[in-house]
Amino acid sequence: MTQSAPGVVPGLASSPAGGTAGALQQQLDAFLAGHADELVAFRRDLHMHPELGWAEHRTTRRIAERLAAAGLAPRVLPKGTGVICDVGPEDGPTVALRADIDALPLQDEKTHVPYRSTVPGVAHACGHDVHTAMVLGAGLFLAQQAAAGLLPGRVRLLFQPAEESPGGALDVLAAGGVAGVDRAFALHCDPRIEVGELGLRAGAITAACDKVYVRVTGPGGHTARPHLTADLVYALAKIVTELPAALSRRVDPRSSLSLVWGRVSAGSVANAIPDDGVAEGTVRCLDDEAWHRAPEMMRSLLASVAAAYDVEASLEYVRGVPPTVNEAASVQMFRDAAALVLGEDGAVPTPQSLGGEDFGWYLESVPGALARLGVRAPGSTADYDLHRGDFDVDESCIPVGVRVLTATALTALWDGRRPADGEPVEGTALA
């Protein structure tokens, strides 16, 4: 990991008390010298004891106990998993740092590490254990800053359950997790990026992902006399082929709205027209407005195609997650923080993904950004992808993530304290 020379980065300028961004670097160095091993051990403990969405009771207890030991007041969500914890004074701006804590229903296929999952069929194959350790580390450091009177606002730590389900973000929102929050930030492991680099993108970084279930019904009949009944299989085939094409013509092509079928089923014998059939698929979209319009557009198009072939069609549209649309100003805060703690080359461009990420729910309510943290060992040729049983990270990414989250939170807090008339802000020393 490269280190930038001590200096001043926008958002972390010298305070009236003489604190500088260089002093923050020194404090982070000292903190991580005493806590990096603890945070790696914490991650390994979670990796060995993964829990699925809304069943993260042990994980929740471990997080809450560690925060309480630091003198903080963690609050467990009403369903019993997930934690909200505020750090710092209530006056001034509030910034949220979010981690997801659930695992995946996958077998851990790693055999060469001592922290392999001990739970059959469950594994941290998406890096949520790493996300949790990083936000915990940032919270512990910021708690020290707050105790010294050096935090220019409040940081809210959000340890969210059930990101993979999804739905956990909605639980956090319902519990007031973003009430009073000015901006929200999150990191996600990316095995395509090397440790020491932060992948940034303004605008949509991940897509909305919804599920659709179409059921088609008709009177059925003999394949010798399709004109005397409704040819349901032919109608279903038209729905399957025409809906994706028609839907894509109803929205701006830049929204990348797509409907892809994963299952189509009708009938049981060759010479009988069935009386029902189903198609199931997913809708993905990078544009928030198009995502909100998608269900009604689909219902209208489905009714039109079904009517042409004299069948009845119903649509069950199941919301998954909205697109994660990064605010440009929040991305710049990530970029400024990366320049401080990773060096001027620490921030790298990252592509859009059509995968879903429920951090998008937070960004429906408050501005913010999701960034991709490099977890690949520099020079490594290992092929570790997300949602695979052999997924793993270079654990030196954990202190990197703590640095990035801390510097980003302080950048956002300092910016939130900036007076409109440009007068100095009192009490914002980073010491």
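Predicted model only: the values in this text are computed from it and were never measured.

Cut-offs applied
Residues numbered from 1 in each chain as written. Predicted model: local features only at pLDDT ≥ 70, side-chain atom pairs only at ≥ 80, totals over all residues. Heavy atoms only, no water. Pairing = 2+ DSSP bridges. Helix = DSSP H or I, 4+ residues; strand = E, 2+ residues; numbered from the N terminus. Axes fitted to C-alpha atoms, helices over the stretch in contact; angles between N-to-C directions. Contact = heavy atoms within 4.5 Å. Parallel < 35°, antiparallel > 145°, perpendicular 65-115°, else oblique. Left-handed = near helix turned anticlockwise from the far one by under 90°. Nonpolar A, V, L, I, M, F, W, Y, C, P; charged D, E, K, R; others polar. Buried < 20%, exposed > 50% of the residue type's maximum accessible area, 1.4 Å probe, protein only. Core = buried A, V, L, I, M, F, W, Y, C linked by side-chain atoms within 4.5 Å. Salt bridge = Lys/Arg side-chain N within 4 Å of Asp/Glu carboxyl O.

1. Brief notes about the sheet that holds strand 12 (residues 276-285)
Strand order in the open sheet made by the 4 strands is 10-12-8-13, with antiparallel pairing throughout. This sheet does not close on itself; its edge strands, each paired only once, are strand 10 (258-266) and strand 13 (312-321). Across the sheet, the axes of successive neighbouring strands diverge by a mean angle of 15 degrees, strand direction being ignored. With 10 bridges connecting them, strand 8 (residues 208-217) and strand 12 associate as antiparallel partners. Note on strand 12: the bridge partner recorded for A208 is C285. Contacts from helix 5 (residues 232-248) reach strand 8, strand 10, strand 12 and strand 13, with the element oriented near 170 degrees to strand 10. Sheet contacts for helix 6 (residues 288-308): strand 8, strand 10, strand 12 and strand 13; angle to strand 13, the most-contacted strand, approximately 165 degrees.

2. Some words on the packing of helix 5 against helix 6
At their nearest, the axes of helix 5 and helix 6 sit 10 Å apart, and the two run at 135 degrees to each other. Overall, the two elements helix 5 and helix 6 adopt an arrangement that is oblique. Between helix 5 and helix 6 lies a crossing whose hand is right-handed. Contacts from K238, I239, E242, L243, A246 and L247 of helix 5 reach helix 6 at M297, M298, L301, L302 and V305. Looking at the contact of helix 5 with helix 6 residue by residue, the classes come out as 9 nonpolar, no polar and 2 charged.

3. Description of the side chain of R43
When you line up the elements, R43 lands in helix 1 (residues 21-48). Residue R43 is classed as buried on the basis of its relative accessible area of 0%. Sequence-distant contacts of R43, that is, excluding residues within four places in its chain, are made with Y115, D129, V130, A133, D392, V393, E395 and I398.

4. Topic: the nonpolar core
What tends to happen in soluble globular proteins is that the nonpolar side chains get buried as a cluster. Counting residues in hydrophobic clusters, the biggest one holds 68 residues, and the most contacted among them are L97, F159 and L198. Examining the composition of this core, we find that 11 residues originate from one element, helix 9 (residues 397-417), more than from any other. Setting aside chain neighbours within four positions, we find L97 in contact with V135, A138, L142, V155, R156, L157, L158, F185, L405 and A409. Ranked by size, the runner-up nonpolar core spans 52 residues in total, among them C209, L232, C285 and Y362.

5. Considering the sheet that holds strand 2 (residues 83-87)
What the 8 strands build is an open sheet, ordered 1-2-4-3-5-16-6-15; its pairing is mixed. Each edge of the open sheet carries a strand with a single partner, namely strand 1 (75-76) and strand 15 (347-349). As paired elements, strand 6 (residues 198-200) and strand 15 share 3 bridges and run parallel to each other. Pairing of G199 across the sheet is with V348, part of strand 15. Against the sheet, helix 3 (residues 128-147) touches strand 2, strand 3 (94-100), strand 4 (154-160), strand 5 (183-194) and strand 16 (368-376), its axis set at about 150 degrees to strand 3. Together, strand 5, strand 6, strand 15 and strand 16 form the strand contacts of helix 7 (residues 328-341), whose direction differs from that of strand 5 by roughly 60 degrees.

6. Structural notes on unusual backbone geometry
Cis geometry is found at the peptide bond from S165 to P166, where omega equals -15 degrees. Considering the arrangement of structural elements, one finds P166 in the loop between strand 4 and helix 4 (168-174). The phi angle at W54 is positive, at roughly 65 degrees, despite the residue not being glycine. Along the chain, W54 turns up in the loop between helix 1 and helix 2 (57-69). We classify W54 as partly exposed; its relative accessible area is 33%.

7. Here's the deal with the pattern of salt bridges
With the rule as written, the count across this model stands at 23 salt bridges. One salt bridge connects R58 with D45, and the closest N-O pair in it is separated by 2.9 Å. With R58 in helix 2 and D45 in helix 1, this residue pair connects regions lying 13 residues apart in the sequence. With a relative accessible area of 21%, R58 lands in the partly exposed category. Salt-bridge contacts for D358 lead to R98; the nearest nitrogen and oxygen are separated by 2.8 Å.

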